[in-house]
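Residues per chain are reported as follows:
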Amino acid sequence: EFLQSLLPLLAEAGVCHWYDFAADWELPSCERTCKVLQAQCSALGLNCNILRVAAANRRTIAERQYRVVADFQVSKTIHG
């Protein structure tokens, strides 16, 4: 998956602008998108700080479907 390839390339405290699709009922929190990002980061031993999630525009791409953007920051997990 693209996200698994991308995450190791981000610098410490790097910010990514991730685009996804969401139904109107998922807005504004887009929990599914956030959970995917957090799970992928966690699998690679990275912390994921979701900075912002929002509809990328006001127009639908299909009936009741929107393109959304999630801005998130990654940092290395500290293992004690």
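Look a little higher up for the structure.
Notes on the structure in this doc start here. The structure displayed is predicted, hence computed values, not measured ones.

Let's talk about the sheet that holds strand β2 (residues 46–55)
Within a sheet, each strand pairs with its neighbour through backbone hydrogen bonds, oriented either parallel or antiparallel.
Next, step 1: Spatial ordering of the open sheet is given by β1-β3-β2, a layout of three strands whose pairing is antiparallel. The open sheet has two edge strands with one neighbour each: β1 (15–23) and β2. Across the sheet, the mean angle separating the axes of adjacent strands is 30° when strand polarity is ignored.
Next, step 2: Relative to strand β3 (residues 65–76), β2 is paired through nine bridges, and the arrangement is antiparallel. Across the sheet, the residue bridging to Asn47 is Ser75, located in β3.
Next, step 3: Its contacts with the sheet place helix α2 (residues 31–43) against β1, β2 and β3, and it is angled at close to 160° to β2.

What counts as what
- Residues numbered from 1 in each chain as written.
- Predicted model: local features only at pLDDT ≥ 70, side-chain atom pairs only at ≥ 80, totals over all residues.
- Heavy atoms only, no water.
- Pairing = 2+ DSSP bridges.
- Helix = DSSP H or I, 4+ residues; strand = E, 2+ residues; numbered from the N terminus.
- Axes fitted to C-alpha atoms, helices over the stretch in contact; angles between N-to-C directions.
- Contact = heavy atoms within 4.5 Å.

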